Amino acid sequence: MQLSIILVCTTGVYLLWLDAWIQKEFEGKRWSLPARVYASPIELYAGLPMTKTLLVENLSALGYVADERLHHSGRFREQQNSIAFITRPFTYWTGKEAARSLRIDFQEGQIGEIIDLDTASPVGVVRLEPELIGKIYPQHNEDRILLQDDEIPEFLVKALLAMEDRGFYRHHGLDFRGILRALYTNIRKAKVAQGGSTLTQQLVKNYFLSRERTFWRKLNEMAMALLLERHYSKQEILTAYCNEIYLGQHGARAIHGFGTAAEFYYGRPLAELNNDQLALVVALVRGATYYDPRKHPDRAQQRRDLVLDNMVEQGYLSRQDADVAQRLSLNVIAKPAWTSAKYPAFLDLVRRHLLRDYTMTDLQDAGLKIFTTLDTTIHRQAQVNASRKLAELQRKTARSGGKIQMAAVIIRTGTGDILSLIGGSNADPGSFNRALDARRPIGSLIKPIIYLTALSAPQQYSLLTPLEDTNLTLKLENGSVWKPENYDKVSHGTVYLYDALKHSYNLATVHLGLQLGLDKVIGTLLKAGIDRKLEKFPSLLLGSVELTPMEVTQMYQTIANGGFQSPLNSISAVLDSDNKPLQRYGLQVKQALEPGPVFLVNHILTEVVAGGTARSLQTTMAEYLPLAGKTGTTNDLRDSWFAGFGDNLLAVTWVGYDDNRPTRFTGATGALQLWSAMMRDSGIQPVKFITPEDIGWLSRHPRLFSGNCPELPLLPYITNYKPSDHAGCYSG
Amino acid sequence: MLAVIPVETLMTQNNHLWKLLLVCLLLQACSSSNPRTTPVEDRTTAPAPPVISSRQPRVNVPPPAPSNPVNPQVPLDPAPAATPPAIVALLDDAEQAEANGNPDAAAATLERALKIDPKNALLWNRLAGVHMRRGDSQQALTMARRSNTLAAGDYSLQMENWFLILAITTNTGDAQGEAEARKKIEELRQMGAGTSG
């Protein structure tokens, strides 16, 4: 008797405690949501070079499907010379943009017109919601998209109830009729076909309890299910269930909830799934591994059909509709972009940039939405073409053994936005990110900095200043002797400053650099955006300074952009999980270098492509000329570099071995080839330098050049310092 | 724009009365540019013309004499191109956003336009204006200068940029910058730009 009193009391106290605890847990539960990282949205406007095929490709990458009826978001319809589609609602930094029905007309490889189908009026510009390119996962590796009550399709709820808990709206957490029915069915079919647990019990099990199967745990589960039902509405329980349920595995990541499952199996939002697809995700509730539609499509299809049959049985679906749905194949997508390692180098950079402002916990748990600068169109083609070209280079260098490596950065010159980043020949996440971390001597890529330093003193230097391209021997501070040579081992005598850079003469450059002084040269490097302590060795003048491809890109961004520097940027904005603006990474510009001297250097860099060391672009990039750039090669051909730009885009490529063995490639035969392979289909435009107001143009003039001077092209100079004093002809 | 220039400060420094004149000039220049900031095109009804002509300078400014008349093959800078409809639409959105008290959205929208057309001098000018009104003088100044390097031949836009630079340098006490801006404005005025407002 006493014992039973104690037992009742203890149980009572326990239940009271459990009741309080369960409320605290359920209400305080904040699901950890991974950060979602987005590419830059594709902007569509009249005049944009775009074909119908490319747009269909872009829409498909976003999970849009062809649909003649075009009845909701995420659908498109191809017509003869146009595409009609309905965008998805999406929240950007500037606010929510509603779904729009649009028609895009194509005309000679461009967008001709964009029409809003609801108002029949033209649209100036529209963006496609950005592609999800990655996620930053919580420690426990759960992937989840939170659905609100009204985001759960009715069909899904009915399918779920038909399969898992037919008495959901009648019971109070436990369904004794259901248990009996399950028992009966299981005995009849001699296997476990139905479970007796209600959705509430399943939720409790997933939510609060460990995985062990004991009698006590079962009792606890039943008690908690009853308590949960006492405090919360059916809708609250159902929504929690839809967000909690385990529905698949992707490597170490667990896919939780129907929203994530839709994204994982179909690459689109849950609201856009058809009935057969909703039936499939419900089929997975009973065993996401066993019924994995990618690994076991037959089992998955059988289970899906069973879901549809059950719905007919419950009167939720007509037999005809079920038949139609059952005839469809599963159509699960191969692998969504964010699960695959498509953008490992770029995501690595994004993570590093984010860690300047956020803790790892914020990134893993808070469901942040991160908007990046990645241009998926440019990156995809660059990646494909780079891999192909690198394989070709690997074959050419086969004799030296080892695996040839590469790195590449493509940016929008005018804003510093990083559009594509390649960190190496294989794209495994976690592999060495050479674009960010490989510091290598930059060779002749430094030369524009030296010439810029000279031309910034226009009273002393112009493009026609004679330089001595002659041998020299330097005794260094440490006692050793430095004897630089030209690449072709020939000295060219007296040459114009302009020709010395165009043809990348080492001796003339060293003479010039020593005249200027290493301090001045280093000063220009710092101004151009190199944030690093540099040693004052004369060999710096031939590029012994070791920089990463990113640093080189920043340096050339400053030059290509007329002296206006924008820090290289990978993130544009961050929103919180409720789409509230958190932080914007706005465009920053600094006038780092004087436009006049930069213009003179850029003029020569155009000549480098026109007839200097990068002249092979005359054939490989014939449609996009003029372009500007500089090749770089280091001792014994260990590093092959090219930095090149058009009007809109700038790219730096590097080719070499991780162990620093010689490559057999110069800048021109290695990195330049890679560059042109990557940039041919990038949308690069010919350079159009706008002449600063202090620039004049000089043609060959009798007073200036006596005797049989070679024909000189038109050359720019800084107006107050017209080259008139140094007469004489020099053959470059 | 008035808010950026501390008029009260100017008035207390009685020797700076001429600055008030400049403020007036600046305001005049800004208000005169309004017809351009608000595109005349109605995007909701009539089909957009392929090219918006509102980018033409308001005043018919004769081009300056070529600096090198003996050299007909001197490379010519591209004439200021007409603003494409996409940019006009975004300029419009940005202006709307700022009018609604959301300068951050205005800046984001102008930056969105700059991704489409990074060398558009008008966009840099407008972004400089947003930064100035938000109190970021440094960015405003640099962007106005950037706009000027891209505005070759567009004297009225250059004039707007120099007024903006003048306002900022006056405000930050940068005497040298202020003098340069005044000189440029005078030069441009003599060429007939931007005075008809």
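Bear in mind that the values here come from a model prediction, so they are computed numbers and not experimental data. (Residues numbered from 1 in each chain as written. Chains lettered and ligands numbered in written order. Predicted model: local features only at pLDDT ≥ 70, side-chain atom pairs only at ≥ 80, totals over all residues.)

Draft legend 1. Local environment of the overall build of chain B. Across its full length, chain B holds 9 helices and 0 strands. Scanning chain B from its N terminus toward the C terminus, one meets helices and strands in the order α-α-α-α-α-α-α-α-α. A buried classification covers 44% of the 197 residues belonging to chain B. A separation of at least 24 residues holds for 61% of the contacts in chain B among residues at least 6 apart in sequence. (Helix = DSSP H or I, 4+ residues; strand = E, 2+ residues; numbered from the N terminus. Buried ≥ 20, exposed ≤ 12 C-beta atoms within 10 Å, placed from the backbone. Contact = placed C-beta atoms within 7 Å.)

Draft legend 2. Layout of the overall build of chain A. Looking only at helices and strands, chain A features 23 helices and 33 strands. C-alpha atoms of chain A, sized along the principal axes, occupy 120 × 65 × 50 Å. Across the 732 residues that make up chain A, the buried fraction comes to 48%. Long-range contacts, defined here as pairs at least 24 residues apart, represent 69% of the contacts in chain A between residues at least 6 apart.

Draft legend 3. Region of the structure containing the pairing of strand β20 (residues 466–469) of chain A. Residues and elements named next belong to chain A. Residues Leu467 and Asp469 line the buried face of β20, whereas the alternating positions Pro466 and Glu468 sit on a face that is not buried. One ladder, built from 4 bridges, connects β20 with strand β23 (residues 493–496); its direction is antiparallel. Across the sheet, the residue bridging to Glu468 is Thr494, located in β23. (Pairing = 2+ DSSP bridges.)

Draft legend 4. Quick peek at the nonpolar core. Residues Ile370, Ala408, Val409, Leu497 and Ala651 of chain A are the most contacted members of the largest nonpolar core, which totals 192 residues. Among the elements that line this core, the one with the most residues is helix α8 (residues 155–172) of chain B, at 10 residues. Domain assignment of the residues forming this core places at least three in each of domain 2 (48–130) and domain 4 (409–721) of chain A. Look past the residues within four positions of Leu497 of chain A in its chain and what remains in contact with it is Tyr451, Ala454, Tyr461, Leu463, Leu464, Thr465 and Leu467 of chain A. Core analysis: the second largest hydrophobic core is formed by 51 residues, Leu199, Phe258, Val281 and Leu317 of chain A among them. (Core = buried A, V, L, I, M, F, W, Y, C linked by C-beta atoms within 7 Å. Domains from an automatic or database assignment.)

Draft legend 5. Geometry of the pairing of strand β5 (residues 82–86) of chain A. Two elements, strand β4 (residues 75–78) of chain A and β5 of chain A, share 4 bridges in a ladder whose sense is antiparallel. By the bridge assignment for β5 of chain A, Arg75 of chain A is matched with Ile86 of chain A.

Draft legend 6. Representation of the environment of Leu445 of chain A. All names here are of chain A. Residue position: Leu445 is located in the loop between β19 (440–441) and α16 (447–455). Considering only alpha carbons, one finds Leu445 and Phe642, 197 residues apart in sequence, at a separation of 7.6 Å. In this view, Leu445 contacts Gly543, Val552, Lys630, Gly632, Trp641 and Ala643; residues no more than four positions away in its chain are not counted.

Draft legend 7. View of the interface of chain A and chain B. Each side of the interface is counted separately: chain A has 35 residues, and chain B has 38 residues. Split into classes, the residues belonging to the side of chain A that touches chain B amount to 13 nonpolar, 16 polar and 6 charged. (Nonpolar A, V, L, I, M, F, W, Y, C, P; charged D, E, K, R; others polar.)

Draft legend 8. Representation of the domain arrangement of chain A. Residue and element names in this part refer to chain A. Here chain A is partitioned into domain 1 (1–30), domain 2 (48–130), domain 3 (148–248 + 255–333) and domain 4 (409–721). Taking only C-alpha atoms into account, the centre of domain 1 sits 29 Å from that of domain 3. Counting residues at the interface gives 7 residues for domain 1, matched by 7 residues for domain 3. Here the residues of the side of domain 1 that touches domain 3 are counted per class, giving 4 nonpolar, 1 polar and 2 charged.

Draft legend 9. Seen up close, the packing of helix α1 (residues 2–28) of chain A against helix α6 (residues 215–231) of chain A. Residues and elements named next belong to chain A. Interaxial distance between α1 and α6 falls to 10 Å at its minimum, and their mutual angle equals 60°. Taken together, the axis directions place α1 and α6 in an arrangement best described as oblique. As α1 packs across α6, the resulting crossing turns out to be right-handed. Contacts between α1 and α6 pair Leu15, Leu18, Asp19, Ile22, Gln23 and Phe26 from the former with Ala223, Met224, Leu227, Leu228 and His231 from the latter. The class makeup of the residues in the contact of α1 with α6 is 8 nonpolar, 2 polar and 1 charged. (Axes fitted to C-alpha atoms, helices over the stretch in contact; angles between N-to-C directions. Parallel < 35°, antiparallel > 145°, perpendicular 65-115°, else oblique. Left-handed = near helix turned anticlockwise from the far one by under 90°.)

Draft legend 10. Structural detail: unusual backbone geometry. All names here are of chain A. Look at the link from Leu625 to Pro626: it is a cis peptide, with omega at 0°. Within the element layout of this structure, Pro626 appears in the loop between α22 (617–620) and β29 (628–633). Unusually for a residue other than glycine, Leu70 sits at a positive phi of about 50°. Position of Leu70 among the secondary structure elements: in the loop between β3 (65–66) and β4.

Draft legend 11. Highlighting the sheet that holds strand β18 (residues 417–422) of chain A. All names here are of chain A. Spatially, 5 strands are ordered β18-β17-β31-β30-β29 in an open sheet, and the strand pairing comes out antiparallel. Two strands in the sheet have a free side with no partner beyond their single neighbour: β18 and β29. Each strand of the sheet is rotated relative to its neighbour by a mean of 10°, with strand direction disregarded.

Draft legend 12. Representation of helix α5 (residues 199–208) of chain A within the structure. Residues of α5 of chain A that are buried: Leu199, Thr200, Gln201, Leu203, Val204 and Lys205 of chain A. In the core, the buried residues of α5 of chain A are packed alongside α3 (154–164), α6 and α7 (234–244) of chain A.

Draft legend 13. Structural detail: the packing of helix α4 (residues 85–99) of chain B against helix α5 (residues 103–116) of chain B. All names here are of chain B. For the pair α4 and α5, interaxial distance at closest approach is 7 Å and the crossing angle is 170°. Relative to α5, the element α4 lies roughly antiparallel. On α5, the residues touching Ala86, Ile87, Leu90, Leu91, Asp93, Ala94, Ala97 and Glu98 of α4 are Pro103, Ala105, Ala106, Thr109, Leu110, Arg112, Ala113 and Ile116. A per-class count over the contact of α4 with α5 returns 12 nonpolar, 1 polar and 3 charged.

Draft legend 14. Layout of the sheet that holds strand β1 (residues 35–38) of chain A. Residues and elements named next belong to chain A. With mixed pairing, 5 strands are arranged side by side in an open sheet as β12-β1-β16-β26-β27. With partners counted over all chains shown, the strands left at the sheet margins are β12 (132–136) and β27 (581–584), one partner each. Across the sheet, the mean angle separating the axes of adjacent strands is 20° when strand polarity is ignored.

Draft legend 15. View of helix α9 (residues 175–190) of chain B. Residue and element names in this part refer to chain B. With 16 residues, α9 should reach 22 Å at 1.5 Å per residue; the first-to-last C-alpha distance of 23 Å fits that figure. Those residues of α9 that sit buried are Glu178, Ala181, Ile185 and Leu188. Down the axis, α9 shows its buried residues gathered within 95° of arc, on one side only. Facing away from the buried side of α9, by more than 90 degrees, are the exposed residues Ala175, Gln176, Ala179, Lys183, Glu186 and Gln190. Here the buried face of α9 lies against α8. Two residues or fewer past α9, Gly192 is found with a positive phi of approximately 95°. (Expected span 1.5 Å × (residues − 1). Arc of directions from axis to C-beta.)

Draft legend 16. How the structure looks around the confidence of the model for chain B. Residue and element names in this part refer to chain B. Summary statistics for chain B give a mean pLDDT of 71 and a share of 56% for residues scoring 70 or more. Ignoring residues within four places in sequence, the model shows residues 1–72, a span with pLDDT below 50, making 91 contacts including any to other chains. Scoring the predicted complex yields pTM 0.85 and, for the interface, ipTM 0.88. (pLDDT = per-residue confidence, 0-100.)

Draft legend 17. How the structure looks around the environment of Cys9 of chain A. All names here are of chain A. With respect to the helices and strands, the residue Cys9 is situated in helix α1. Here Cys9 falls in the exposed class, since 10 other C-beta atoms lie within 10 Å of it. Measuring from C-alpha to C-alpha, the distance between Cys9 and Gln79 comes to 75 Å, with 70 residues separating the pair along the chain.

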